[in-house]
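Letter by letter, the chains look like this.
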Amino acid sequence: VVDAFVAWLSSLFSCIYAEFGKQWYQRRVRGIPRPPERYCLTGHRMPISRVIFHPVYNVMVSASEDGSIKVWDYESGDFERTLKGHTDAVNDIAFESTGKTLASCSSDLTIRLWDFVGFECIKTMHGHDHTVSSVRFVPTGDFLVSASRDKSIKVWEVSTGYCTKTLVGHREWVRVAAVSPDGKLIASGSNDHTIRIWEIATKECKVELREHDHVVECVAWAPDGCTAHINEAIQAENPRAGKSDGPFLVSGSRDKTIKVYDVSTGSCIISLIGHDNWVRQAIFHPSGKMIVSCADDKTLRVWDFKNRRCTKTIAAHEHFVTCLDFHKSAPYVITGSVDQLCKVWECR
């Protein structure tokens, strides 16, 4: 009887602890970055071009115009290692979903694949005729999408390193290409002021979005958890509007604005104005209720897109803030800047 009671008591405490932990986690993840920064990471010798979290381990990775990629422990602030191989600025980096492979692209016209277990370059891919500015894996991890100053977007088979498709249509430098969560679409942003939506299977451009008045610096797809919140935002502006399943997309531009689109209709549904300089990156908060952005006005901003207002502005760096990432499950945001620093921000 005593053993049974102890077992029951243990089970009860486990349930209480699990529920408390879940609520604590949700509060933290729903939080927003708060100053001051937890860590300021130094080591790069030129501006930071991209910062990303590892999808599994407690590390982050930074890429720089100094041609190097650095790995850091974001919980301790410790530097771990440098990956060297590119001979010019590293413009973008991306993990496939398991985090075992890292892709990087550079102004040296190449894309490199790195084994993130042995930390060695396992493949170098050639094919673009100018600076490669963006690289992303498709969700399955077997293909890679790149964008370049040569005005093209290319799809690469990871296992062979071969280019399997080339998408042409932009009239200027393609700054960024992002793959939709279902792996079927690519959204690309360009110096020609447009965003194009491409169907990967057919290479067809399905939609051209012309809402920005300057270079499109960034695009990011909305995760599934955003759909209900975006529909609330649409209906707050127009109560008669019907519900949409999306997909939805956010973009940032040198025209200093952030815009959200319903790709299914090709319409701009939200515009956010407040940055005082080029918007470099804009992503959806893990809660699905907010957008987080950074810009050349040296700030990190949090936006309540339902009410179309900025709810938090952080003077994040002493120079242009070029990039950010929001951890999907831990309460951290990271930023990179022209000041050559990476910063880790805790959310609460």
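Residues numbered from 1 in each chain as written. Predicted model: local features only at pLDDT ≥ 70, side-chain atom pairs only at ≥ 80, totals over all residues. Heavy atoms only, no water.

**Quick notes on the pairing of strand S16 (residues 195–199)**
Here comes step 1: In terms of residue burial, S16 counts as a mostly covered element, since four of its five residues are buried.
Here comes step 2: What sits between the antiparallel neighbours strand S15 (residues 185–190) and S16 is a turn of four residues, in which histidine 193 has the positive phi angle 80 degrees.
Here comes step 3: Between the antiparallel neighbours S16 and strand S17 (residues 204–209) lie four residues, among them lysine 203 with a positive phi of about 65 degrees. (Buried < 20%, exposed > 50% of the residue type's maximum accessible area, 1.4 Å probe, protein only. Helix = DSSP H or I, 4+ residues; strand = E, 2+ residues; numbered from the N terminus. Pairing = 2+ DSSP bridges.)

**Topic: the sheet that holds strand S12 (residues 152–157)**
Here comes step 1: Reading across from one edge, S10-S11-S12-S13 is the order of the four strands in this open sheet, with antiparallel pairing throughout. The open sheet terminates on both sides in strands that have one partner only, identified here as strand S10 (132–137) and strand S13 (163–168). Averaged over all pairs of adjacent strands, the angle between their axes in this sheet comes to 20 degrees, without regard to strand direction.
Here comes step 2: Pairing of S10 with strand S11 (residues 143–148) involves five bridges; the strand directions are antiparallel. Each bridged residue has a counterpart across the sheet, and for arginine 136 the counterpart in S11 is valine 145. (Axes fitted to C-alpha atoms, helices over the stretch in contact; angles between N-to-C directions.)

**Section: the nonpolar core**
Here comes step 1: Judged by nonpolar contacts, the single largest core of 33 residues is most densely connected at Ile230, Val250, Phe284, Ile291, Leu300 and Phe305.
Here comes step 2: By residue number, the principal contributor to this core is strand S22 (residues 279–284), which donates four residues.
Here comes step 3: Apart from the residues lying within four places of it in its own chain, the contact partners of valine 250 are Cys218, Val219, Ala220, Ile258, Lys259, Val260, Ala282, Phe284 and Ile291.
Here comes step 4: Residues Val176, Leu185, Trp221 and Val263 belong to the second largest nonpolar core, which totals 14 residues. (Core = buried A, V, L, I, M, F, W, Y, C linked by side-chain atoms within 4.5 Å. Contact = heavy atoms within 4.5 Å.)

**Some points on the pattern of salt bridges**
For side chains of opposite charge, pairing can occur when their charged atoms come near one another.
Here comes step 1: Considering all chains together, one arrives at 15 salt bridges under this definition.
Here comes step 2: Two residues, lysine 343 and glutamate 37, come together in a salt bridge whose shortest N-O distance is 3.7 Å. Taken together, the positions of lysine 343 in strand S28 (residues 342–346) and glutamate 37 in the loop between helix H1 (2–29) and strand S1 (39–41) put the pair 306 residues apart, joining distant regions of the chain.
Here comes step 3: By relative accessible area, glutamate 37 is classed as partly exposed at 27%.
Here comes step 4: One salt-bridge network, held together by shared partners, links Arg171, Arg196, Glu208 and Arg210. (Salt bridge = Lys/Arg side-chain N within 4 Å of Asp/Glu carboxyl O.)

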